[in-house]
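Observations on chain architecture
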Amino acid sequence: MVSQWSASKTALDRAQRSIGGGVTSSVRSSVKPHQIYFASGNGPRIVDIEDNSYIDYVLGWGPLLLGHAHPQVGAAVKAQLDRGTLFGGGNLTEIVAAEKFLAALGWAERLLWSNTGTEAVQIALRLVRSHTGRDVVIKLGGGYHGWHDTVFASVVVYGGGGSAIPHSAGQPASSLADLRVGLYNDLDACAALFAAEPGRVAAVLVDPTSSNTGSVVPAPGFLEGLRRLCDEHGALLIFDEVVSGLRLGLAGATGRFGVTPDLATFGKAIGGGLGASAVAGRADIIDLVTRDTVHSGTFNGNPLAMAAVDATMDVLSTDGVYPQIENTSRTLVEGIRAAAAKTGHTIAVHGIGATALVAPGLPEITGPDDFITADWHWWDDLLVPEMLARGIYLLPHGRLFLSTEHGPAEVAETVAAFAEVFAMLPPPRVTS
Ligand SMILES: Cc1ncc(COP(=O)(O)O)c(C=O)c1O
């Protein structure tokens, strides 16, 4: 058991006097018992300011696919640090990193570098509108694609009625005027949106595994059906692979499911812990930036981030890396499932690539519709603090990110903690 978190609570109280809300991303204010302050991380473990060590399944909210302080990434970044961090021109590493990333994808001809997933989605949306000369974009309920005004809608609450429900106060209604909301795994709902506005839809934007609301395998034929609908209506298909990119394999969702979009966005894991993101895809769309479509960003392709991408791609391209991740993920999923079965609690557990999902109160989870009905109060408020006290650092809402550095010892410790906590908690509310 770790000591309690009084120093972190003191730090949070102090932060609230200088940083708005005391946290640097709104979602961190909802974690229980409260945001923890960390001093260091190494491989699969992270250490807080009171010297408590945890097995880390948060991994920076996804990016640390190689774990903390990976030596190869660290060496590349340190070498670049000594040579300078920003040139405001070209650097050769941005080309090498692009070549390696495109080779790993196998289907994309060009990319543009940015810093965050939000920026990559922003330029993707601009490119599809520029290419088609149309404004309307269809996203799917339960999809999170970044926090910019024009697409930050119907992330958790959605009615299937096609219109977008803003996710934050301060989003002007006009910013969502060209956004429509379809349903994940429901081709008819998407077809109806196309039919309602013939010749107006520029693109469908989909997170292939609905990473923020399920991390699921899409229903058979769903991605193929979206591809077909887009082709029939002269629209483009964008995969948001900010989470699934590299976590599902080197070629991401396209490699896994065999459906090729026109553009795909990447972020999180590609930077090995530094801020790097990309939109990749068809040359005729991305090369619009050489004409009238603007892509900007002071820190785009900065040498530090590019050195980290370059090293990350080298590590992940090594033989045996992905089979090992899949093996770790499978052992973890089976262990948690067995622990849940022993208590008789109804808890769905599944894994996809380097991500696992535990949904309390559900027998299985197929996508956002059932995801939003799970007993997240049980997970967030009851289970997460108990697991933290046992040295396991978890995300809210059931998602566990794995890294190449998690191995059998971490899995065994984690499963033992789950078994103990499952046994001491009341059963989660079961959704009928
Ligand atoms: C699927 C998806 N797209 C886009 C984003 C936005 O990425 P960022 O937080 O780097 O702006 C996220 C962030 O969680 C995401 O999960």
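Residues numbered from 1 in each chain as written. Predicted model: local features only at pLDDT ≥ 70, side-chain atom pairs only at ≥ 80, totals over all residues. Heavy atoms only, no water.

This paragraph deals with the overall build of the chain. Helix and strand counts for the chain come out as 13 helices and 14 strands. Relative to its length of 432 residues, the chain is compact, with a C-alpha radius of gyration of 21 Å against a globular reference of 22 Å. Projected onto its principal axes, the C-alpha coordinates of the chain cover approximately 60 × 60 × 50 Å. The long-range fraction of contacts in the chain, counting pairs at least 24 apart against all pairs at least 6 apart in sequence, stands at 70%. Taken together, the 29 basic and 42 acidic charged side chains of the chain have centroids lying 3 Å from each other. (Helix = DSSP H or I, 4+ residues; strand = E, 2+ residues; numbered from the N terminus. Rg over C-alpha atoms; globule rule 2.2 N^0.38 Å. Contact = heavy atoms within 4.5 Å. Lys, Arg positive; Asp, Glu negative; His and termini not counted. Charge placed at Lys NZ, Arg CZ, Asp CG, Glu CD.)

Time to look at the site of the ligand. Close to the ligand lie Thr116, Gly117, Thr118, Tyr144, His145, Gly146, Asp207, Asn212, Asp240, Val242, Val243 and Lys268, which account for all nearby residues. Within the side chain of Asn212, a nitrogen or oxygen atom sits 2.9 Å from an oxygen atom of the ligand. Asp240 has a polar side-chain atom sitting 2.7 Å from a nitrogen atom of the ligand. For the ligand, the protein covers 85% of the area, taking 390 Å² as the surface of the free molecule. (Near = heavy atom within 4 Å. Polar contact = N/O pair within 3.5 Å; in protein donor to acceptor, adjacent residues only side chain to side chain. Areas by Shrake-Rupley, 256 points an atom, 1.4 Å probe, with all protein chains shown as cover.)

On the surface, Val156, Val157, Ile165 and Ile372 cluster together to form a nonpolar patch covering roughly 310 Å² of accessible area. Counting through the fold element by element, Ile165 comes out in the loop between β5 (136-140) and β6 (179-182). (Patch = residues over 30% accessible without salt bridge, like charges linked within 9 Å, V, L, I, M, F, W, Y side chains within 5 Å. Salt bridge = Lys/Arg side-chain N within 4 Å of Asp/Glu carboxyl O.)

Applying the stated criterion across every chain, the model contains 10 aromatic pairs. An angle of 45° between the planes, with centres 5.4 Å apart, marks the rings of Phe418 and Phe422 as tilted. With Phe418 and Phe422 both in helix α13 (residues 408-424), this residue pair falls 4 residues apart, about one helical turn. For the residue pair Phe418 and Phe422, the accessibility class agrees, reading buried in each case. By the ring-pair criterion, three or more aromatic residues cluster together here, those being Trp378, Trp379, Phe418 and Phe422. (Phe/Tyr/Trp six-rings, centres within 6.5 Å; stacked < 30°, edge-to-face > 60°. Buried < 20%, exposed > 50% of the residue type's maximum accessible area, 1.4 Å probe, protein only.)

Counting residues in each nonpolar core, the largest one holds 94 residues, and the members touching the most others are Trp113, Leu383, Leu394 and Leu400. The element contributing the most residues to this core is helix α9 (residues 303-316), with 9 residues. Residue contributions to this core reach at least three from each of two domains, namely domain 1 (6-69 + 320-424) and domain 2 (71-316). Setting aside residues no more than four positions away along its own chain, Trp113 makes contact with Glu94, Ala97, Ala98, Phe101, Ile270, Ser277, Ala278, His295, Asn300, Gly301, Met306 and Val309. (Core = buried A, V, L, I, M, F, W, Y, C linked by side-chain atoms within 4.5 Å. Domains from an automatic or database assignment.)

By convention, interface size is frequently given as the accessible area that disappears when the constituent parts associate. When cut into domains, the chain gives domain 1 (6-69 + 320-424) and domain 2 (71-316). Taken over C-alpha atoms, the centre of domain 1 sits 25 Å from the centre of domain 2. At the junction of the two partners, domain 1 supplies 28 residues and domain 2 supplies 32 residues. When domain 1 packs against domain 2, close to 2300 Å² is buried across both sides, 60% of that on carbon and sulfur atoms. One can count 1 salt bridge joining domain 1 with domain 2. With a shortest N-O distance of 2.7 Å, Glu326 and Arg256 are connected by a salt bridge. Applying the counting rule to domain 1 against domain 2 returns 11 residue pairs in polar contact (both at pLDDT 80 or more). Elements with a contribution of two residues or more to the side of domain 1 that touches domain 2: α10 (321-343), β11 (347-352), β12 (355-360), α11 (368-371) and β14 (399-401). Residues belonging to the side of domain 1 that touches domain 2 are distributed by class as follows: 18 nonpolar, 7 polar and 3 charged. (Buried area = accessible area lost by both parts, 1.4 Å probe. Nonpolar A, V, L, I, M, F, W, Y, C, P; charged D, E, K, R; others polar.)

Turning our eyes to something else, we now look at the sheet that holds strand β2 (residues 45-48). Strand order in the open sheet formed by 4 strands is β1-β2-β3-β13, and the pairing between neighbours is mixed. The open sheet terminates on both sides in strands that have one partner only, identified here as β1 (38-42) and β13 (392-393). Across 2 bridges, strand β3 (residues 53-56) lies against β13 in parallel orientation. What sits directly across from Asp56, in β13, is Tyr393. (Pairing = 2+ DSSP bridges.)

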